[in-house]
There are 2 protein chains.
Amino acid sequence: MGTRRAESTLDNIVCTHDFRINCSDCRLNSICLPIALEAHDIDRLDNIIQRSKPLRKGEHVYRESEPFTSVFAVRSGSVKAYKITGDGKEQITGFYFPGELLGVDGIAYYRHSVSAKALETAAVCEIPFKRLEELSTTLPSLQRHFFKLMSQEITQDQQLITLLSKNSAEQRIASLLLSISARSARLKLSATSFRLPMSRTDIGNYLGLTVETVSRIFSRLQKAGLLDVENKEIRMLEIDKVRKMAGI
Amino acid sequence: MGTRRAESTLDNIVCTHDFRINCSDCRLNSICLPIALEAHDIDRLDNIIQRSKPLRKGEHVYRESEPFTSVFAVRSGSVKAYKITGDGKEQITGFYFPGELLGVDGIAYYRHSVSAKALETAAVCEIPFKRLEELSTTLPSLQRHFFKLMSQEITQDQQLITLLSKNSAEQRIASLLLSISARSARLKLSATSFRLPMSRTDIGNYLGLTVETVSRIFSRLQKAGLLDVENKEIRMLEIDKVRKMAGI
DNA sequence: CGCCTGGTTGAGAATCATCAACATCTGTGG
DNA sequence: CCACAGATGTTGATGATTCTCAACCAGGCG
């Protein structure tokens, strides 16, 4: 009951105290921004990146409608992006894990179109966009990589659109679990055992479901023997069946 | 019964026969790609743009998983983007009207992640991406404009996500109508009277609803006096009530 | 300890999907 | 120009999924 499975949490993959580590040494650099760069170009990028202090749970990386000045890479922990709709409701548009880039939504209008806040203790790298833009003009591979990241954001959003438009509650949950599983694996962590950093309410919000439905489906999947759910700790016992359920 | 309201169709705003018109003379240039450019820079962009022959209804601009080489600007008519999901279903991810850019989804993996086909007779400008990229490095305002367009795509997708996640069938339809109304207005056409280029099935697919539900809601809005629906011709009689219904 | 937030479970209600029948529109060939 | 066929759209009856409301439980923190 009281035991924690801390070894599987996503927020421990880099030491959060040593936030001065630079891009060349960062163990995330194979999935983060500089993937396409040569060593000496990484240093040039490294010079413009600002490493911020760890954020505590609930603290904002940036807020909707704030002037857009930077994009951010998650170093540890996790972040949710959300916007407040016309009628005051929250809509979560994405969850971001270590190595993932957030904030590109702000480029269009020089303002952030969503807010981003830490789901747990988290650290982010801040990359001033103006300087990134300047650097891009002299480093074509950086420009290309940056285009690629924005395009990935589009592809992801479109996947979510499909999920919301066509799939049942069960399929949505299964897909989210598989997505988090894949990201956990990308970080060299377990693909079958991980901790959900977000609340059930957040999951429901993101997937267009109510908390109750989310809760019921977790229970159902557990009863069916596909999952072992213990609060936020998830163990996927039958990942193939989960895949099938998600429609893959 | 037999009378057409052809004056309001979106596909007539430029002469589809004269597809050799260049960017400087194009009446869409204030909303299309070169918005941020000086006259002599527009010429440089103009040189790399290829104008294609008009597409007939159902013809593809590009197909999912084809190698990505170009982005496209709609000159006349309209286009839908869609992808085929794992289990063989179609999911429409967007509708594109004159002056709008499509194809940026392909940048990430050098392949198109969706297919795009003409909803009616349509003409598009093809912009080879490689040359656009090269030109971008010497024209910062073009690079910035291009970032902006990709970012807009993200913002739009996120709006659709919110729509699908939080809103009722009635609200989704109302929102789509308002979106098309706004785009019609941007093309200097009527904001209250326009022709829907897509089928009811397409609308349902895009909004995550069945055809029947779409049809019923059109009927309901007509009975309530908010709309005048005559097949694909829409007249918005009470646009403020539609706005309220959409939650704006 | 008790409060408060977050999560679970149940019963009933609402929305939307499904199935089915029918109407209308489009375009093709006579 | 008409007739027909297939596609597209409308309407109704029924049913399933998910939401809403409500009660209850568990864990974390002052």
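None of these values were measured; they are calculated from a predicted model.

## Section: the overall build of chain A
So, point 1. Check the secondary structure of chain A and you find seven helices and 11 strands.
So, point 2. Counting every position in chain A, which comprises 248 residues, the buried fraction comes to 56%.
So, point 3. Once local pairs closer than 6 in sequence are excluded, the contacts in chain A between residues at least 24 apart make up 74%.
So, point 4. Surface summary for chain A: the accessible area is close to 11000 Å², and the carbon and sulfur share equals 49%.

## Examining the relation of the copies chain B and chain A
So, point 1. Its rotation angle being 180°, the transformation that places chain B on chain A also includes 0.0 Å of axial translation and leaves an RMSD of 0.1 Å. Expressed as a symmetry operation, the mapping of one chain copy onto the other fits a two-fold axis.

## Describing the nonpolar core
So, point 1. With 70 residues, the main nonpolar core has Ile173, Leu177 and Phe218 of chain A together with Ile173, Leu177 and Phe218 of chain B as its most contacted residues.
So, point 2. Among all residues touching Ile173 of chain A, those that are not within four sequence positions of it are Ile203, Leu207, Leu209, Val214, Ile217, Phe218 and Leu221 of chain A.

## Considerations on the pattern of salt bridges
So, point 1. Overall, the coordinates contain 22 salt bridges over all chains when judged by the stated rule.
So, point 2. Between Arg235 of chain A and Asp228 of chain A there is a salt bridge; the shortest N-O distance is 3.0 Å.
So, point 3. A residue is classified by how much of its surface remains accessible, and Arg235 of chain A, at 35% relative accessible area, is partly exposed.
So, point 4. On the basis of relative accessibility, which here comes to 22%, the residue Asp228 of chain A falls in the partly exposed class.
So, point 5. Arg183 of chain B serves as the salt-bridge partner of Glu100 of chain B, at 3.0 Å between the closest nitrogen and oxygen.

## Description of the protein's contact with DNA strand C
So, point 1. As a matter of local geometry, DNA strand C sits amid 17 residues, with Ser215, Arg216 and Ser219 of chain A together with Ala169 and Thr213 of chain B nearest to it.
So, point 2. The sugar and phosphate moieties of DNA strand C supply 64% of its atoms located within 4 Å of the protein.
So, point 3. Between DNA strand C and the protein, one listed contact pairs a base nitrogen with a side-chain N or O atom of Arg216 of chain A at 2.7 Å.
So, point 4. Within the contact set of DNA strand C, a phosphate oxygen lies 2.7 Å away from a backbone nitrogen or oxygen of Ala169 of chain B.
So, point 5. Listing elements by their share of the surface near DNA strand C, those giving two or more residues are helix 5 (200-207) and helix 6 (211-223) of chain A together with helix 6 (211-223) of chain B.
So, point 6. Ranked by the residues each element gives to the surface near DNA strand C, the list is headed by helix 6 of chain A, at four residues.
So, point 7. Class assignment of the residues belonging to the surface near DNA strand C gives a composition of two nonpolar, nine polar and six charged.

## Things to note about the protein's contact with DNA strand D
So, point 1. Taken together, 16 residues sit near DNA strand D, with Ala169 and Thr213 of chain A together with Ser215, Arg216 and Ser219 of chain B positioned nearest.
So, point 2. Sugar plus phosphate, as a fraction of atoms of DNA strand D within 4 Å of the protein: 62%.
So, point 3. One of the backbone N or O atoms of Gly208 of chain A is found 3.4 Å from a phosphate oxygen in DNA strand D.
So, point 4. Ser215 of chain B has a polar side-chain atom sitting 2.9 Å from a phosphate oxygen of DNA strand D.
So, point 5. Elements with a contribution of two residues or more to the surface near DNA strand D: helix 6 of chain A together with helix 5 (200-207) and helix 6 of chain B.
So, point 6. Counting residues per element, the surface near DNA strand D draws most heavily on helix 6 of chain B, at four residues.
So, point 7. Class assignment of the residues belonging to the surface near DNA strand D gives a composition of two nonpolar, eight polar and six charged.

Reading the values: rules and limits
- Residues numbered from 1 in each chain as written.
- Chains lettered and ligands numbered in written order.
- Predicted model: local features only at pLDDT ≥ 70, side-chain atom pairs only at ≥ 80, totals over all residues.
- Heavy atoms only, no water.
- Helix = DSSP H or I, 4+ residues; strand = E, 2+ residues; numbered from the N terminus.
- Buried < 20%, exposed > 50% of the residue type's maximum accessible area, 1.4 Å probe, protein only.
- Contact = heavy atoms within 4.5 Å.
- Areas by Shrake-Rupley, 256 points an atom, 1.4 Å probe, with all protein chains shown as cover.
- Least-squares fit on C-alpha atoms with pLDDT ≥ 70 in both.
- Core = buried A, V, L, I, M, F, W, Y, C linked by side-chain atoms within 4.5 Å.
- Salt bridge = Lys/Arg side-chain N within 4 Å of Asp/Glu carboxyl O.
- Near = heavy atom within 4 Å.
- Polar contact = N/O pair within 3.5 Å; in protein donor to acceptor, adjacent residues only side chain to side chain.
- Nonpolar A, V, L, I, M, F, W, Y, C, P; charged D, E, K, R; others polar.

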